[in-house]
Amino acid sequence: MIDYLALGLTHALILIGILRVIARDELDREDPPGAEIAEGKPKERVARRARRERGQASDA
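Here the structure is a predicted model, which means the values were calculated and not measured.

## Section: the overall build of the protein chain
(1) Moving on: The number of helices and strands found in the protein chain is two helices and zero strands.
(2) Moving on: Looking at the protein chain as a whole, 0% of its 60 residues qualify as buried.
(3) Moving on: Approximately 6100 Å² of the protein chain is accessible, and the part contributed by carbon and sulfur atoms is 59%.

## Concerning a nonpolar patch on the surface
(1) Moving on: The grouping of I2, Y4 and L7 at the surface amounts to a nonpolar patch, some 340 Å² of accessible area in total.
(2) Moving on: Its location among the elements puts Y4 in helix α1 (residues 4-22).

How each quantity is defined
- Residues numbered from 1 in each chain as written.
- Predicted model: local features only at pLDDT ≥ 70, side-chain atom pairs only at ≥ 80, totals over all residues.
- Heavy atoms only, no water.
- Helix = DSSP H or I, 4+ residues; strand = E, 2+ residues; numbered from the N terminus.
- Buried < 20%, exposed > 50% of the residue type's maximum accessible area, 1.4 Å probe, protein only.
- Areas by Shrake-Rupley, 256 points an atom, 1.4 Å probe, with all protein chains shown as cover.
- Patch = residues over 30% accessible without salt bridge, like charges linked within 9 Å, V, L, I, M, F, W, Y side chains within 5 Å.
- Salt bridge = Lys/Arg side-chain N within 4 Å of Asp/Glu carboxyl O.

As structure tokens, then:
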């Protein structure tokens, strides 16, 4: 017999995930091609690589 608690829990988690995706602001906005925002991520990536080369612990 199907365990109704397990079935309800999985469906509730799927519903919560769908609602979180739908509520994101990025889905309501469409930027023109080539208008990507330059963020600081490459700098963070370079700093992380430098720490790895020096043998320090990563921030993962």
